[in-house]
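The residues making up each chain are set out below.
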Amino acid sequence: MQIHLVTGKGGVGKSTFALALGKKLARQNRKVLVVELGEESYFSHFLSLPPLAYNPIPYPAGGFDVARWDGTSA
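What this report covers is the structure whose coordinates are included nearby. (Residues numbered from 1 in each chain as written. Predicted model: local features only at pLDDT ≥ 70, side-chain atom pairs only at ≥ 80, totals over all residues. Heavy atoms only, no water.)

1. A short note on the overall build of the protein chain
Along its length, the protein chain carries two helices and three strands. Relative to the compact-globule value of 11 Å for 74 residues, the protein chain shows a C-alpha radius of gyration of 12 Å, a close match. C-alpha atoms of the protein chain, sized along the principal axes, occupy 30 × 25 × 25 Å. Counting across all 74 residues of the protein chain, residues that qualify as buried make up 27%. Within the protein chain, contacts between residues at least 6 apart in sequence are counted, and of these 42% link residues at least 24 apart. Summing over all exposed atoms, the protein chain offers an accessible surface of approximately 5,500 Å²; the carbon and sulfur share of this is 56%. The distance from the centre of the 8 positive side-chain charges to the centre of the 5 negative ones in the protein chain is 15 Å. (Helix = DSSP H or I, 4+ residues; strand = E, 2+ residues; numbered from the N terminus. Rg over C-alpha atoms; globule rule 2.2 N^0.38 Å. Buried < 20%, exposed > 50% of the residue type's maximum accessible area, 1.4 Å probe, protein only. Contact = heavy atoms within 4.5 Å. Areas by Shrake-Rupley, 256 points an atom, 1.4 Å probe, with all protein chains shown as cover. Lys, Arg positive; Asp, Glu negative; His and termini not counted. Charge placed at Lys NZ, Arg CZ, Asp CG, Glu CD.)

The structure is reproduced here in structure tokens:
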């Protein structure tokens, strides 16, 4: 198992890079879960998904699952 963390200051493309990395790893037949941490979700808007929560949902176009974890749910 590998865990990749994408960090940095705001507005530098962390979320976009995390999604691209998830898609690349999924194309290599790896099981991928892309997780957002925090109260708001960029992924649900960007990927046209319903509101994200603790339990992962599949993103079929990327071949991976997506979730959003906040302090309360985690």
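Still more to cover.
2. Points about the side chain of glutamate 36
With respect to the element layout, glutamate 36 can be found in strand E1 (residues 33-37). Although glutamate 36 is buried, it makes no salt bridge; arginine 68 carries the closest opposite charge, 5.7 Å away. A polar contact of 3.2 Å, which involves the side chain of glutamate 36, links it to the backbone nitrogen of phenylalanine 43. The residues touching glutamate 36, leaving out its near neighbours within four places in the chain, are Ser41, Tyr42, Phe43, Leu52, Ala67, Arg68 and Trp69. (Salt bridge = Lys/Arg side-chain N within 4 Å of Asp/Glu carboxyl O. Polar contact = N/O pair within 3.5 Å; in protein donor to acceptor, adjacent residues only side chain to side chain.)

3. Here's the deal with the sheet that holds strand E3 (residues 64-69)
Pairing is mixed across the open sheet formed by three strands, whose spatial order is E1-E3-E2. At either end of the open sheet lies a strand with only one pairing partner, and these are E1 and strand E2 (57-59). Strand after strand, the sheet turns through a mean of 35 degrees between neighbouring axes, direction not considered. Of the pairings in the sheet, the one linking E2 to E3 comprises three bridges and is antiparallel in character. Among the inter-strand pairings, isoleucine 57 is bridged to a residue of E3, identified as valine 66. Contacting E1 and E3, helix H1 (residues 14-27) crosses the sheet at an angle of about 145 degrees to E3. (Pairing = 2+ DSSP bridges. Axes fitted to C-alpha atoms, helices over the stretch in contact; angles between N-to-C directions.)

4. Re the pattern of salt bridges
Within this structure, the stated rule accounts for one salt bridge. Here aspartate 70 makes a salt bridge to arginine 68, at a shortest N to O gap of 3.2 Å. Of the two residues, aspartate 70 and arginine 68, both sit in the buried class.

5. Regarding the environment of leucine 37
Here leucine 37 shows up in strand E1. Taking the C-alpha atoms as reference, leucine 37 lies 17 Å from leucine 21; in sequence the two are 16 residues apart.

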